[in-house]
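Analysis of the macromolecular model
Residues per chain are reported as follows:
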Amino acid sequence: MEQYVVTVGCEYGCGGSAVGRALARNLEIAYYDRALIDKIIEETGVSHDLMKMADAGKDIKGKRENASGPAGLPKYKNLTDRVVYIQKEVVKKLAARSSCVIIGRCSDYILRNNPRCVNVFIYAPDEVRVSNVMKELKVDEEKAKELIRENDQMLHARYKQMTGSNRGARHNRHMLIDSSVLGIEGTAEYIEEFVKKYLAKEAGTHGE
């Protein structure tokens, strides 16, 4: 099969990363989550603190006019632009390397011109998300709700900053699915079937 990418956007606490891992395993392709992508970005010289500030949609002060360093960065007006530029380049390079599943990092928007890219958004009811966070992080209900609220705000802010649209908007995705209905494995299998049908349709459309 020709190279392809599945991007997975997901609400905090819905099990989206676990679904993505299962999907990549089933399809036998590479898997890149937010932590791995952030690690690659940090290797270019962008600190974790800078990424957190950019994630929050903040305008990071500081200018750099000359392109230099291994990333070959172009001119940018501030450090926020630098972080965004590097993130886009990392996602594009991962997608070009091999077929893969990419979790978050606005990858659906970054790869929007790739005809072999399937964009999925995973969500779950609030009570399910709270229960998942409580179990995974061993916290009480109030702390789980607080973490969900904080992460929702951060993820919405960074997506809006980079794309100009709302995170989870249906027009940006090929599929939206509630992970609580079929569970982790069932959701991954359902998405896998959709991905295969979508790619087959695209191949037929282009006469492959």
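No experiment lies behind these values; they were computed from the predicted model shown.

**Digging into the overall build of the protein chain**
Summing up its helical and strand segments, the protein chain has eight helices and five strands in all. The helix and strand sequence of the protein chain, counted from the amino end, reads β-α-β-α-α-α-β-α-β-α-α-β-α. Residues classed as buried in the protein chain amount to 44% of the 208 residues present. In the protein chain, once contacts between residues fewer than 6 apart in sequence are set aside, the share between residues at least 24 apart is 70%. If you sum the accessible surface of the protein chain, you get close to 11,000 Å²; carbon and sulfur atoms cover 50% of it.

**A short note on the pattern of salt bridges**
All told, the structure shown has eleven salt bridges when counted by the stated rule. Across the pair Arg 129 and Glu 11 runs a salt bridge whose closest N-O atoms are separated by 3.8 Å. A residue pair is termed long-range when its members are at least 10 positions apart, and Arg 129 in helix H6 (residues 126–137) and Glu 11 in the loop between strand S1 (5–10) and helix H1 (16–27) qualify at 118 residues. With its nearest N and O atoms 2.8 Å apart, the salt bridge here joins Asp 152 to Arg 129. Residue Asp 152 is located in helix H7 (residues 141–163), and its partner Arg 129 is located in helix H6; the two are separated by 23 residues in the primary sequence. Grouping residues by exposure puts Asp 152 and Arg 129 together as buried. Shared partners join several salt bridges into a network, and the residues in it are Glu 11, Asp 126, Arg 129 and Asp 152.

**Some remarks on the packing of aromatic side chains**
Tallied over the entire structure, the rule returns one aromatic pair. Ring centres 6.3 Å apart and planes at 25° place the aromatic pair Phe 194 and Tyr 198 in the stacked group. One end of the pair, Phe 194, and the other, Tyr 198, are both in helix H8 (residues 179–205), four residues apart, so they sit about a helical turn from each other. Given the relative accessible area of 16%, Tyr 198 is considered buried. The lysine or arginine in question, Arg 112, covers the ring of Tyr 109, its NZ or CZ lying 3.9 Å from the ring centre.

**Observations concerning the side chain of Arg 116**
Topologically, Arg 116 is positioned in the loop between helix H5 (107–110) and strand S4 (117–123). No salt bridge is formed by the buried Arg 116. Its closest oppositely charged neighbour is Glu 2, at 4.1 Å. Only 3.5 Å separates the side chain of Arg 116 from the backbone oxygen of Leu 199, close enough to count as a polar contact.

**A closer look at empty space enclosed by the protein**
The final tally for this structure, using the stated rule, is two cavities of 30 Å³ or more. Put simply, the largest cavity is a space of about 120 Å³. Mapped by element, the contributors of at least two residues to the lining of the largest cavity are S1, H5 and H7. Residue composition of the lining of the largest cavity, grouped by class: five nonpolar, three polar and six charged.

**Some words on helix H2 (residues 34–42)**
Among the residues of H2, Ile 37, Asp 38 and Ile 41 are the ones counted as buried. The arc that holds the buried residues of H2, viewed along the axis, is 100°, so those residues lie on one side. Exposed residues pointing more than 90 degrees away from the buried face of H2 are listed as Ala 35 and Lys 39. Taking the backbone nitrogen of Ala 35 as reference, a side-chain oxygen 3.3 Å away marks Asp 33 as the first, capping residue of H2.

**What to know about the nonpolar core**
Membership of the largest hydrophobic core comes to 25 residues, with the highest contact counts inside it found for Val 6, Val 101, Val 120, Ile 122 and Ile 191. Where this core is concerned, the elements lending two or more residues are S1, H1, strand S3 (100–103), S4, strand S5 (175–178) and H8. Once residues lying within four places of it in the same chain are set aside, the contact partners of Val 101 are Val 6, Val 8, Gly 20, Leu 23, Ala 24, Ile 29, Ala 30, Tyr 31 and Tyr 32. Ranked by size, the runner-up nonpolar core spans 20 residues in total, among them Val 90, Cys 106, Leu 111 and Tyr 159.

Cut-offs and rules
- Residues numbered from 1 in each chain as written.
- Predicted model: local features only at pLDDT ≥ 70, side-chain atom pairs only at ≥ 80, totals over all residues.
- Heavy atoms only, no water.
- Helix = DSSP H or I, 4+ residues; strand = E, 2+ residues; numbered from the N terminus.
- Buried < 20%, exposed > 50% of the residue type's maximum accessible area, 1.4 Å probe, protein only.
- Contact = heavy atoms within 4.5 Å.
- Areas by Shrake-Rupley, 256 points an atom, 1.4 Å probe, with all protein chains shown as cover.
- Salt bridge = Lys/Arg side-chain N within 4 Å of Asp/Glu carboxyl O.
- Phe/Tyr/Trp six-rings, centres within 6.5 Å; stacked < 30°, edge-to-face > 60°.
- Lys NZ or Arg CZ within 6 Å of the ring centre and 35° of its normal.
- Lys, Arg positive; Asp, Glu negative; His and termini not counted.
- Polar contact = N/O pair within 3.5 Å; in protein donor to acceptor, adjacent residues only side chain to side chain.
- 1 Å grid on protein atoms, 1.4 Å probe; cavity = no way out; pocket = protein on both sides within 12 Å on 5 of 7 lines; lining within 4 Å.
- Points joined across faces, edges and corners; volume = space filled by probe spheres on them.
- Nonpolar A, V, L, I, M, F, W, Y, C, P; charged D, E, K, R; others polar.
- Arc of directions from axis to C-beta.
- Core = buried A, V, L, I, M, F, W, Y, C linked by side-chain atoms within 4.5 Å.

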